[in-house]
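This is what each chain is made of:
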Amino acid sequence: MKKLFTLTIFLLTITAFAQKPCEYSVNVNDSIGSYKVTNEYLMSEKYFGGSFNYIFFSLAQTDGLPTLNLQSIQKSKDFIKANCFDKNSKIFLQLENGKIVTLMHINQENCGTLVRDEKGFDNRINTGIFMFMKDNYEELKKSPISIMRIKYLTNIEDYIIKRELTSELTGKVTNPNTYFMENIRCVE
């Protein structure tokens, strides 16, 4: 009976600590180098007064250098102000352990693309690529995120990062606060 109990505890421990396999939308290795990108992950979803705002993350690795891809999608029938990324743009992540992790935008200005859909909504899609800083990269593996601040060219926006987010768009449930803890290993 003791052996059965020990075996059960061992199997439960292995199951509890098993990591899900990394899923990539792009995974290329050729003579030029390597490039892989994880699937997009919903980090924030806001709906207010007929306007929608979605933030998606994906992690990328280019020849061994990990980066964060951020995609912002704004949708409204009203005017949508452009939030541009430039060389001074940053993402600040406040962790639940009190530490703040800063990611720096690459030196490329981008104000996104405005597209009108068949329902009369304007959609602004903006993508930014952010680099991790060596001094705080390891902190993302240890603690969940509580707040995210995005510094654009002319604006700063704050987002409360939820433990569990059920998307109104897709109905899918995500756990944005542990995104880096679960996925950063995929680009190391």
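Structural notes, computed from the coordinates.

This part takes up the state of the cysteines. The tally for this structure, following the rule as stated, stands at two disulfides. A sulfur-sulfur distance of 2.0 Å marks the disulfide that ties Cys22 to Cys186. Handedness of the Cys22-Cys186 disulfide follows from its S-S torsion of about -85 degrees: it is left-handed. Here Cys22, found in the loop between α1 (2-17) and β1 (24-29), pairs with Cys186, found in the segment after α3 (179-183); they are 164 residues apart in sequence, far enough to count as distant. Judged by its relative accessible area of 3%, Cys186 falls in the buried class. Across the disulfide from Cys84 sits Cys111; the S-S distance is 1.9 Å. When the S-S torsion is 110 degrees, as for the bridge of Cys84 with Cys111, the disulfide is right-handed.

Turning our eyes to something else, we now look at the pattern of salt bridges. Applying the stated rule across the entire model yields eight salt bridges. Taking the shortest distance from any N to any O, the salt bridge between Lys141 and Glu188 comes out at 2.4 Å. One end of the pair, Lys141, is in helix α2 (residues 139-142); the other, Glu188, is in the segment after α3, and 47 residues separate them in sequence. Assessed through its relative accessible area of 28%, Lys141 is described here as partly exposed. When its relative accessible area of 46% is taken as the criterion, Glu188 is described as partly exposed. Linking Asp158 and Arg149 is a salt bridge whose minimum nitrogen-to-oxygen distance equals 2.6 Å. Note on Arg149: relative accessible area 37%, which makes it partly exposed.

In this section: the nonpolar core. Counting residues in hydrophobic clusters, the biggest one holds 27 residues, and the most contacted among them are Leu68 and Phe180. Within the residue set of this core, elements represented by two or more residues are β3 (41-48), β4 (51-62), β5 (65-76), β6 (90-95), β7 (100-105), β9 (122-132), β10 (145-151) and α3. Excluding its chain neighbours within four sequence positions, the residues that come into contact with Phe180 are Phe57, Leu59, Leu68, Leu93, Phe132, Leu140 and Ile145. Grouped together as the second largest cluster of nonpolar side chains are five residues, Tyr54, Phe56, Ile73 and Leu165 included.

Further remarks concern the environment of Ser89. Along the chain, Ser89 falls in the loop between β5 and β6. Ser89 gets classed as buried once you look at its relative accessible area, which sits at 0%. Residues Ser89 and Asn107 lie 18 residues apart in sequence; the distance between their C-alpha atoms is 9.1 Å. For Ser89, the contacting residues outside a window of four places in its chain are Cys84, Leu103, Met104, His105, Phe130, Lys151, Tyr152 and Leu153.

Cut-offs and rules
- Residues numbered from 1 in each chain as written.
- Predicted model: local features only at pLDDT ≥ 70, side-chain atom pairs only at ≥ 80, totals over all residues.
- Heavy atoms only, no water.
- Disulfide = S-S within 2.5 Å.
- Helix = DSSP H or I, 4+ residues; strand = E, 2+ residues; numbered from the N terminus.
- Buried < 20%, exposed > 50% of the residue type's maximum accessible area, 1.4 Å probe, protein only.
- Salt bridge = Lys/Arg side-chain N within 4 Å of Asp/Glu carboxyl O.
- Core = buried A, V, L, I, M, F, W, Y, C linked by side-chain atoms within 4.5 Å.
- Contact = heavy atoms within 4.5 Å.

These results come straight from atomic positions and should not be treated as a statement about function.
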